[in-house]
Amino acid sequence: MGTFSTQRNGRVHDHDRIGLANMSASLLEHLTENVRVVKQQIADACHAAGRSATEVKLVAVTKYVDSAMAITLARCLARCPDAQTVASPVILGENRPQVLQERWSVWPADLPVEWHMIGHLQTNKIKVVADRTALIHSLDRFDLLDKLNEYAQKNNLRVRGLLEFRLSDDADKHGFGVGDVPQLLDRWPTWTNLQLCGVMGMSGLEASPAEARKQFDSLREIHAEIRQQLNSDAQAPWSELSMGMSGDLPQSIAAGATLVRIGSALFRGLLNDSMH
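Analysis parameters
- Residues numbered from 1 in each chain as written.
- Predicted model: local features only at pLDDT ≥ 70, side-chain atom pairs only at ≥ 80, totals over all residues.
- Heavy atoms only, no water.
- Helix = DSSP H or I, 4+ residues; strand = E, 2+ residues; numbered from the N terminus.
- Contact = heavy atoms within 4.5 Å.
- Areas by Shrake-Rupley, 256 points an atom, 1.4 Å probe, with all protein chains shown as cover.
- Buried < 20%, exposed > 50% of the residue type's maximum accessible area, 1.4 Å probe, protein only.
- Polar contact = N/O pair within 3.5 Å; in protein donor to acceptor, adjacent residues only side chain to side chain.
- Axes fitted to C-alpha atoms, helices over the stretch in contact; angles between N-to-C directions.
- Parallel < 35°, antiparallel > 145°, perpendicular 65-115°, else oblique.
- Left-handed = near helix turned anticlockwise from the far one by under 90°.
- Nonpolar A, V, L, I, M, F, W, Y, C, P; charged D, E, K, R; others polar.
- Pairing = 2+ DSSP bridges.
- 1 Å grid on protein atoms, 1.4 Å probe; cavity = no way out; pocket = protein on both sides within 12 Å on 5 of 7 lines; lining within 4 Å.
- Points joined across faces, edges and corners; volume = space filled by probe spheres on them.
- Right-handed = clockwise from strand over helix to strand, strands pointing away.

Colleague: What should I look at first to understand the overall build of the chain in this one?
Modeller: In terms of helices and strands, the chain carries nine helices and eight strands. Relative to all contacts within the chain whose residues are 6 or more apart in sequence, the contacts with residues 24 or more apart total 68%. Accessible surface, the chain as shown: approximately 12,900 Å² in total, 49% of it carbon and sulfur.

Okay, here's the thing in structure tokens:
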């Protein structure tokens, strides 16, 4: 499976230049400052939780912007130093398979990134994302796991993913419930071409900071229960907790997040105020 996007296209470098040309110096400076602030917020939240900043990776969500802006963000992320003491890849998260496909078609060959699929995935879009992503965060139902594994077997792929759990009663939330864990464990051996690495979840839309923390704690407990049943250590492969976005970053890190999906905070002040 392709972890980094290295696809070449005749339009790639022209598109990149157009994106950068349309960026005024002040706009680029604003985006760079947003990146710096977000990385510092992650470092501060880790410090407050008694954790090392190396334990948390930023997934920059680009669903709000076109490819030109996404390319520019990736360059800013590559240039801005992390609080981490070790090198980490630029990780971009996309919600829609068709947008991910479009990103690939125009992405600069000299700008390696790690693509993550974070949105709801329909089974008819499996072929779009299976070999283009390093990690699928949103494996939220049994038929998706079955069909993704079937596709991976037929195409000799090893697909990495996270099990999505529903943490609130929000109507638009997807995912397994805690009651599904026994069946997940029973069927685990049948998914021979999937590497399930952890869990993903979102706090409720109206959750207070305390409620969000409680929901994230429940996801950490599910993660720990599955790890115990798998007899896996804390390092690998069952090690990831994808939780937390721009509005609940401190709570997710305090609860143990290893991947945080940040979008709106990275583009604050650059797009219209209706973006969330």
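Colleague: I'm lost on the side chain of His137 in this one. Help?
Modeller: Mapping His137 onto the fold places it in strand β4 (residues 135-139). Its relative accessible area of 0% is what places His137 among the buried residues. Looking at His137, its side chain comes within polar contact range of the side chain of His116, at 2.8 Å. Leaving out residues up to four positions away in the same chain, His137 has contacts with Val59, His116, Met117, Ile118, Leu162, Glu164, Met200, Ser242, Leu259 and Arg261.

Colleague: Teacher, can you tell me more about the packing of helix α2 (residues 25-48) against helix α3 (residues 67-79) here?
Modeller: Angle between the axes and distance between the axes are the two parameters that describe a pair of packed helices. Direction vectors running N to C along α2 and α3 enclose 55 degrees, while the axes themselves pass 10 Å from each other. Taken together, α2 and α3 sit at an angle that is classed as oblique. As for how α2 packs across α3, the hand of that crossing is right-handed. Every residue of α3 that contacts α2 at Leu28, Leu31, Thr32, Val35 and Lys39 is listed here: Met69, Thr72, Leu73, Cys76, Leu77 and Arg79. Of the residues belonging to the contact of α2 with α3, the class tally is seven nonpolar, two polar and two charged.

Colleague: Any chance you could explain the pairing of strand β1 (residues 57-61) here in plain terms?
Modeller: If a strand is regular, its side chains alternate between the two faces of the sheet. For β1, a buried count of four out of five residues is recorded, marking the element as mostly surrounded by other parts of the structure. Pairing geometry for β1 and strand β8 (residues 259-262), over four bridges, is parallel. By the bridge assignment, Lys57 is partnered in β8 with Leu259. Here three bridges tie β1 to strand β2 (residues 91-94), and the two strands are oriented parallel to one another. When the sheet's bridge partners are listed, Ala60 is paired in β2 with Leu92.

Colleague: Honestly, the layout of surface pockets in this entry has me stumped. Any pointers?
Modeller: The rolling of a water-molecule-sized probe over the atoms marks out the regions of remaining empty space. Of the volumes computed, that of the largest pocket is approximately 890 Å³. What lines the largest pocket is a set of 34 residues, and nearest its centre among them are Lys63, Lys173, Met202, Leu205 and Met245.

Colleague: Please explain the pairing of strand β5 (residues 159-164) as it appears in this structure.
Modeller: Burial analysis of β5 places five of its six residues in the buried class, the great majority of the element. For β4 and β5, the ladder comprises two bridges, and the chain directions are parallel. Counterpart to Leu139 in the pairing with β5 is Leu163. As for the winding sense of the linkage, the β-α-β connection from β4 through helix α6 (residues 142-154) to β5 is right-handed. With six bridges joining them, β5 and strand β6 (residues 194-201) adopt parallel strand pairing. Its bridge partner being in β6, Gly161 is matched across the sheet by Leu196. Regarding the hand of the β-α-β motif, the stretch spanning β5, helix α7 (residues 181-187) and β6 is right-handed.

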